[in-house]
Amino acid sequence: MVDIKVVNIVASATFAEKLDLDIIAQSLEETEYEPEQFPGLVLRVSNPKTATLLFTSGKANITGAKSVEDAHKVVAIVAEKLRKIGADVFKNKDIKVVVQNMVATSDLGAEFNMNEVAVGLGLENVEYEPEQFPGLVYRVEEPKVVILIFSSGRIVCVGAKSTEDVSKAVEKVSEKLTRLGFIV
């Protein structure tokens, strides 16, 4: 089993029917709000270290969580902060946290000749333009994720919705590279 580290989770949630971002920006110190440049308010939480983008629609995006549990913890923290300043926020049990994207890294423990890997994995599922980007982009059909493969043996998995999907995809790629003789 390959060691996998989740480095970022992007999740969405809906905190309320609507939010007054001006009041939130004035009431909470850990915010950034420049409506002329971007319609969302950034609310930073230090533990777990994340950023939550809040919108007037009541919807939000959470970035920077390292686990699904941390994403849930951040949602509870943000909901409590909003309640304390008088925002009409849904009850915690009614705030659904949906993972939109998970980014994970791993090291396959081998160095690769990227041209050989590109041909071996099948050019129909691979993008490799070393003058544009040093990694090979490999699209996994099931689970539907993208794996970036680097000559150092490091890989990055993006687009997963769960840690199970990350594990399946990394194992699938690792097994295929082993079958092809790139990993001994």
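Scroll up for the structure.
The model shown is predicted, which means the values in this text are computed figures rather than measured ones.

Q: Outline the overall build of the chain, listing residues and values.
A: Helix and strand content of the chain: four helices and 10 strands. Along the chain, helices (α) and strands (β) appear in the sequence β-α-β-β-β-β-α-β-α-β-β-β-β-α when read from the amino end. Taking 16 Å as the expected radius of gyration for a compact globule of 184 residues, we find that the chain reaches 20 Å, considerably beyond that expectation. The dimensions of the chain, computed from C-alpha atoms along their principal axes, are 60 × 35 × 25 Å. By the burial criterion, 45% of the 184 residues in the chain qualify as buried. Summarising the internal contacts of the chain: among those between residues at least 6 apart in sequence, 60% fall at separations of at least 24. By element, 50% of the accessible surface of the chain is carried by carbon and sulfur atoms, the whole surface being about 10,300 Å².

Q: Summarise a positive patch on the surface; cite the residues concerned and give the values.
A: There is a patch of like positive charges on the surface, built from K5, K49, K66 and R154. Within the element layout of this structure, K49 appears in strand β4 (residues 49-54).

Q: Can you lay out the side chain of S162 for me, pointing to particular residues and giving the numbers?
A: The topology assignment puts S162 in the loop between β10 (154-160) and α4 (163-179). Residue class for S162 comes out buried when judged on its relative accessible area of 18%. At 3.3 Å, the side chain of S162 and the side chain of E164 are in polar contact.

Q: Give a description of the sheet that holds strand β5 (residues 59-65) that names residues and reports values.
A: Reading across the sheet, the 10 strands line up as β2-β3-β4-β5-β1-β6-β10-β9-β8-β7 and stay open at both edges, with antiparallel pairing between neighbours. Two strands close off the open sheet at either side, each with one partner strand: β2 (31-33) and β7 (126-127). Across eight bridges, the pairing between strand β1 (residues 4-14) and strand β6 (residues 98-107) is antiparallel. Within β6, the residue paired with V6 across the bridge is A104. Across the sheet, helix α3 (residues 114-121) is in contact with β7, β8 (136-140) and β9 (145-149); its angle to β8 comes to roughly 20°.

Q: Account for the nonpolar core, with residues named and values stated.
A: By size, the foremost hydrophobic cluster in this structure holds 54 residues, and its most contacted members are F15, L54, F112, L136, I147, I149 and L177. At six residues, the largest contribution of residues to this core is made by helix α2 (residues 68-84). Not counting chain neighbours up to four residues away, the residues in contact with F112 comprise V117, I149, F150, S151, G153, L177, F182 and I183. If you look at the next biggest cluster of nonpolar residues, it comprises six residues, including V137, L148, F150 and V156.

Q: So, the pairing of β8: which residues are in play, and what are the values?
A: Of all five residues in β8, four are buried; the element is thus mostly enclosed. Two elements, β7 and β8, share two bridges in a ladder whose sense is antiparallel. Looking at the pairing, V126 lines up with Y138 of β8. Summarising the sheet, β8 and β9 pair through five bridges and their orientation is antiparallel. Bridging across to β9, V137 finds its partner in L148. Between β8 and β9, which follow one another and run antiparallel, lie four residues.

Q: Please set out the pattern of salt bridges residue by residue, giving values where relevant.
A: A complete count under the given rule lists five salt bridges for this structure. The partner of R44 in a salt bridge is E32, with the nearest N and O atoms 3.1 Å apart. Taken together, the positions of R44 in strand β3 (residues 41-46) and E32 in strand β2 put the pair 12 residues apart, joining distant regions of the chain. With a relative accessible area of 42%, R44 lands in the partly exposed category.

Q: Tell me about the side chain of S67, and name the residues and values.
A: Inspection of the secondary structure assignment puts S67 in the loop between β5 and α2. At 3.0 Å, the side chain of S67 forms a polar contact with the backbone nitrogen of D70.

The rules we used
In every chain, residue numbers begin from 1 and rise along the written sequence. Local features are withheld for residues below a pLDDT of 70 in this predicted model, meaning they are given only at 70 or higher, and side-chain atom pairs are given and counted only at 80 or more; totals for whole chains, interfaces and linings count all residues. Side-chain metrics in this entry use all non-hydrogen atoms of the structure; hydrogen atoms and water are not considered. Helix and strand definitions here come from DSSP, where helices need a minimum of 4 consecutive H or I residues and strands a minimum of 2 consecutive E residues; each element is numbered from the N-terminal end. For the radius of gyration, the atom set is restricted to C-alpha positions; the globular benchmark scales as 2.2 Å times the number of residues to the power 0.38. Buried means the residue's accessible area, taken with a 1.4 Å probe over protein chains only, is under 20% of the maximum for its type, while exposed means over 50%, and partly exposed covers the values in between. Residues count as neighbours in contact if any of their non-hydrogen atoms are within 4.5 Å of one another. In these tables, accessible area is a Shrake-Rupley quantity obtained with a 1.4 Å probe, and a residue counts as shielded only by the protein chains included in the view. Grouping into patches uses exposed residues only, defined as over 30% relative accessible area, and leaves out salt-bridged ones; the cut-off is 9 Å for like charges and 5 Å for nonpolar side chains (Val, Leu, Ile, Met, Phe, Trp, Tyr). Counted as salt bridges are all cases of a side-chain nitrogen of Lys or Arg within 4 Å of a carboxyl oxygen of Asp or Glu. Neither His nor the chain termini are counted; the positive set is Lys and Arg, and the negative set is Asp and Glu. By convention, the point assigned to a charge is CZ for Arg, NZ for Lys, CD for Glu and CG for Asp. Here a polar contact is recorded for every N or O atom pair within 3.5 Å, except that within protein the pair must consist of a potential hydrogen donor and a potential acceptor, and residues adjacent in sequence are included only if both atoms are side-chain atoms. Being paired, for any two strands, means DSSP has found at least two bridges between them. Axis lines are fitted to C-alpha atoms, over the contacting stretch for helices. Their N-to-C directions set the angle, which ranges from 0 to 180 degrees. Residue types Ala, Val, Leu, Ile, Met, Phe, Trp, Tyr and Cys, when buried and joined through side-chain atoms within 4.5 Å, form a set referred to as a nonpolar core.

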